[in-house]
Amino acid sequence: METKDMMMTSMLTMDKGENGGERDKGREEVKGEEQEEAQRENGRLVLADGVADRGPKNVTSGSSQQVSNGFTTSTPQSPREGPGTAAGAASGPLGGTGSTVPLGGLRTLVVQQTSLERPRETWSKKMDFLLSVIGYAVDLGNVWRFPYICYQNGGGAFLLPYLLMAVFGGVPLFYMELALGQFHRSGCISIWKHICPIFKGIGFAICIIALYIAFYYNTIMAWALYYLLSSFRPTLPWTTCSNSWNTANCHRYMSSDHNVSWSNSSTSPAEEFYTRQVLQVHLSPGLHQLGSVSWQLALCLLFIFTIVYFSIWKGVKTSGKVVWVTATFPYLVLLILLIRGATLPGAWRGVEFYLKPDWEKLLSTTVWIDAAAQIFFSLGPGFGVLLAFASYNPFHNNCYKDALVTSSVNCLTSFLSGFVIFTVLGYMAEMRHQSVDAVAKDAGPSLLFIIYAEAIANMPAATFFAIIFFLMIIMLGLDSTFAGLEGVITAMLDEFPHILAKRREWFVFGLVCVCYLGALSTLTYGGAFVVKLFEEYATGPAVITVVLLEVIAVSWFYGTNRFCNDIQVMLGFYPGCFWRVCWVAICPCFLLFIIISFLAFPPEVRLFNYHYPPWTTALGYCIGVSSFICVPAYMVYHLLNAKGTFKQRLLKSITPEPSSDNHRDYIVTNAI
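Sequence positions are assigned chain by chain, starting from 1 and proceeding in written order. Local features in a predicted model are, by the rule used here, given only for residues with pLDDT of at least 70; side-chain atom pairs are given and counted only at 80 or more, and totals for whole chains, interfaces and linings are based on all residues. To obtain the side-chain values, all non-hydrogen atoms of the structure were used and water was disregarded.

An unreviewed UniProt entry annotates the protein chain as Transporter of Kryptolebias marmoratus. UniProt positions are given in the numbering used here, feature names are shortened, and annotations may be inferred rather than shown by experiment. Under the UniProt heading Sequence similarities (unreviewed entry), the note attached to the protein chain is "Belongs to the sodium:neurotransmitter symporter (SNF) (TC 2.A.22) family." UniProt's Subcellular location (unreviewed entry) comment on the protein chain is quoted here verbatim: "Membrane".

Caption draft 1: Inspection of unusual backbone geometry at higher detail. Phi at Arg-185 takes a positive value of approximately 50 degrees, unusual for a residue other than glycine. The helix and strand labels rest on DSSP assignments: H or I over at least four residues marks a helix, E over at least two residues marks a strand, and numbering proceeds from the N terminus. Looking at the element boundaries, Arg-185 is found in the loop between α5 (159–184) and α6 (201–230). At Gln-280, a position not held by glycine, the phi torsion is positive, near 60 degrees. Among the structural elements, Gln-280 can be located in the loop between α7 (269–278) and α8 (295–312).

Caption draft 2: Quick peek at the packing of aromatic side chains. Two rings from Phe, Tyr or Trp (for Trp, the six-membered ring) form a pair when their centres are within 6.5 Å of each other. A pair whose planes differ by under 30 degrees is stacked, one over 60 is edge-to-face, and the rest are tilted. As enumerated under the stated definition, the model contains 56 aromatic pairs in all. Cluster of aromatic residues (ring-pair linked, three or more members): Trp-223, Tyr-226, Tyr-227, Trp-238, Trp-245, Phe-273, Tyr-274, Phe-449, Tyr-452, Phe-469, Phe-470 and Phe-608. Here, over-ring charges are defined by two tests on the NZ atom of lysine or the CZ atom of arginine: distance to the ring centre within 6 Å, and angle to the ring normal within 35 degrees. For Lys-314, the ring lying beneath its charged end belongs to Trp-313, and the centroid distance is 4.8 Å.

Caption draft 3: Here's a closer look at helix α11 (residues 347–355). Only protein chains enter the accessibility calculation, which uses a 1.4 Å probe; a residue is then buried when its area is under 20% of its type maximum, exposed when over 50%, and partly exposed in between. Listed as buried for α11 are Ala-347, Gly-350 and Tyr-354. Taken down its axis, α11 places every buried residue within 65 degrees of arc, on the same side. Any two residues whose heavy atoms approach within 4.5 Å are treated as being in contact. Elements that come into contact with the buried residues of α11 comprise α4 (140–152), α10 (329–342), α14 (399–432) and α15 (436–439). This arc corresponds to the set of directions leading from the helix axis out to the C-beta atoms.

Caption draft 4: Representation of the side chain of Ser-284 in the model. If you trace the backbone, Ser-284 turns up in the loop between α7 and α8. For this analysis, a polar contact is any N or O atom pair within 3.5 Å, provided that within protein one partner can donate a hydrogen and the other can accept it, and provided that sequence-adjacent residues contribute only side-chain to side-chain pairs. A polar side-chain atom of Ser-284 sits 2.7 Å from the main-chain carbonyl oxygen of Gln-289. Apart from the residues lying within four places of it in its own chain, the contact partners of Ser-284 are Gln-289, Leu-290, Tyr-525, Gly-526 and Phe-529.

Caption draft 5: Seen up close, the state of the cysteines. Note on disulfides: each one is a pair of cysteine sulfur atoms within 2.5 Å. Applying the stated criterion across every chain yields a total of 1 disulfide. Residue pairing for Cys-241: its cysteine sulfur links by disulfide to Cys-250, the two sulfurs lying 2.0 Å apart. Here the S-S torsion is close to -75 degrees, and the disulfide linking Cys-241 with Cys-250 is therefore left-handed. Exposure remark for Cys-250: the relative accessible area of 7% places this residue in the buried category. Unpaired in this structure, Cys-630 has its nearest cysteine sulfur neighbour in Cys-207, at a distance of 9.0 Å. On the basis of relative accessibility, which here comes to 16%, the residue Cys-630 falls in the buried class.

Caption draft 6: Structural detail: the pattern of salt bridges. A pair is scored as a salt bridge if a Lys or Arg side-chain nitrogen falls within 4 Å of a carboxyl oxygen belonging to Asp or Glu. As enumerated under the stated definition, the model contains 8 salt bridges in all. One salt bridge connects Glu-430 with Arg-349, and the closest N-O pair in it is separated by 3.1 Å. Here Glu-430, found in helix α14, pairs with Arg-349, found in helix α11; they are 81 residues apart in sequence, far enough to count as distant. Owing to a relative accessible area of 35%, Glu-430 belongs among the partly exposed residues under this scheme. Residue Lys-532 is joined to Glu-536 by a salt bridge in which the shortest nitrogen-to-oxygen separation is 3.5 Å.

Caption draft 7: Region of the structure containing the packing of α6 against α8. Angles here are taken between N-to-C directions and fall from 0 to 180 degrees, while the axes themselves are lines fitted to C-alpha atoms, restricted in helices to the stretch in contact. Orientation of α6 relative to α8, taken along the N-to-C sense of each, is 110 degrees, at an axis distance of 8 Å. One element, α6, and the other, α8, form an angle in the roughly perpendicular class. Contacts between α6 and α8 involve Ala-214, Asn-218, Thr-219, Met-221, Ala-222, Trp-223, Leu-225, Tyr-226 and Leu-229 from the former and Gln-296, Leu-297, Cys-300, Leu-301, Phe-303, Ile-304 and Phe-305 from the latter. Residue polarity is assigned by list, with Asp, Glu, Lys and Arg as charged and Ala, Val, Leu, Ile, Met, Phe, Trp, Tyr, Cys and Pro as nonpolar; anything else, Gly included, falls into the polar class. Among the residues making up the contact of α6 with α8, the classes are represented as 13 nonpolar, 3 polar and no charged. Reported orientations rely on four angle classes, namely roughly parallel under 35 degrees, roughly antiparallel over 145, roughly perpendicular from 65 to 115, and oblique for the rest.

Caption draft 8: Representation of the nonpolar core within the structure. Counting 199 residues, the largest nonpolar core has Trp-223 and Trp-238 as its most contacted members. Of all the elements, helix α20 (residues 527–571) adds the most residues to this core, at 26 residues. Residue contacts for Trp-238: discarding those within four places in its chain leaves Tyr-227, Ser-230, Ser-231, Pro-269, Ala-270, Phe-273, Ala-453, Glu-454, Ala-457, Ala-466 and Phe-470. In this text, buried Ala, Val, Leu, Ile, Met, Phe, Trp, Tyr and Cys residues form a nonpolar core when linked through side-chain atoms within 4.5 Å.

Caption draft 9: Structural view of the UniProt feature "binding site: Na(+)" (unreviewed entry) in the protein chain. Per the UniProt entry, the sites bearing "binding site: Na(+)" (unreviewed entry) are Gly-135, Ala-137, Val-138, Asn-142, Ser-378, Asn-410, Leu-476, Asp-479 and Ser-480 in this numbering. The greatest C-alpha distance among the annotated residues, which extend across 346 residues, is 13.4 Å, indicating that they converge on a single site. One can find Ser-378 in helix α12 (residues 365–379). Those residues within four positions of Ser-378 in sequence are excluded, and the remaining contacts are Ala-137, Asn-142, Asn-410 and Ser-414. Inspection of the secondary structure puts Asp-479 in helix α17 (residues 462–495). Owing to a relative accessible area of 4%, Asp-479 belongs among the buried residues under this scheme. Not counting the four nearest positions on each side in its chain, Asp-479 is found in contact with Gly-135, Tyr-136, Val-323, Thr-326 and Ala-327.

Listed below in structure tokens is the structure:
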């Protein structure tokens, strides 16, 4: 059994008695610096008369009140409580002993409980946290998804619904998760006992969704690694039609080949390299027959997961250092590619196509659906990552400012990526004597691995640009993988600390192995079809539904007032009316709008020339429900295992528990 020691400090509030005044004054001067450091470490400064310098005023009034994270304050019940009673009050709830209070003066006793348990890990620097959050939010979707959706939904006109959805939906959710994680200092599973215990299944659902993402997301990085290794050649392999994988329809269409005519049946060397050499989808007829595992991609993915393991196995102390490279290098490459793209002939055509507003499209519901979905998946609330990252922050860290900064950087990066992509698309349209719309028909990974790869092959110093571009793709993906797995690791370590706390390295190793084995189906000849299926069904609808329940649990069950009081305790100010309205009403409507839109207009899933048959839609929904089912299943389990009548069980299941394990408690007592 671990033991707990009690550290007693006293602060003078009135003139001291004749015998004890000088002695107490000297003790205060000697211990003042030590007390201040201990109190700062615990994230709370305690002043005379039991008033915390940061927190709601009602925390310290009344006979005995408790802040929702377990901080306790108490005041004497009657003037008859003398020093012995004060000491007893101090020692009773905590099991410690009080100090003797000299008679003749009113003084305040502050009893601080400390634990010999290993303290929670924290970020080495504030920038480690910021770069980790930015690296998580800025991922591959910022580079390929946003530019495509922007031009498809009215160009510059799309920025209006995008910004509105960000301000009223995305950023409030982002801020809420950072505040929850920082206040309760718990992962996405154990945090629910401090918010609304019956919703604990949300945490398990989030972990399953994170595993599904790891099954397919890292495969895209394996493709990029294959391209990167193939780039270390004088002639890039996707520039010629004389390779073993090429067909008769392959036409080498370089900027110098003015005599080559481009038709609708023509395929570029880059397209055939991607589909026939890297993916080898021509060897699989569809999802019903995936074929063998590509050993080249299997080795590439093994290398990716090896990097991931040694980056996160020790915790945020190591991953916080890695993101200094993986989160900053993509911005350097984007800047280089932007400058290079702006100097290419026809670049202005791409920029015009990207930003030219089509205001009539704003009347279409699809534009608003795409804007809501894009900002949600770009910022990434609901995946447990923001909760995990924020839980390693100091208690008084300004997470409000962090939320605004990181979400703004994310949106600006998406906007910048559009210029990087469309300057090159304009260049490709100029080369082929086609419209930009015809060139930009491919969305998703094909936009990067076919169109952009071919454009790079036409540039001077093509090998250099290919190397830095695919390095950027890998690093954009690594950041998000670090974050996604850290969310799972933090959740499991906080939920089962006695089993896993001292075995983190082995647990991370097992988790990485599970992710690798789960990704094997995406490495087959038909693996690209599996990636598309997971992307459309396994994660999107499930995580949006989970976040909807999360917002309802925090705003309606835990209570917006209580949540805002928690923020005031941390940051020293009460959230404004805008944030409270967003959390209570706008964010739930925002998420419900996306869910209903998805159900009303299910996406038509198609990849290359393969149309997904109806049974794959049922399979996709089953994969999505397999994670969400944890929420109602845990509700039933929790109610069945609780004691008392059904009403008592229900009341207990929605009553938050104090998080005394994560914070040290203070009992402030006025003694005469």
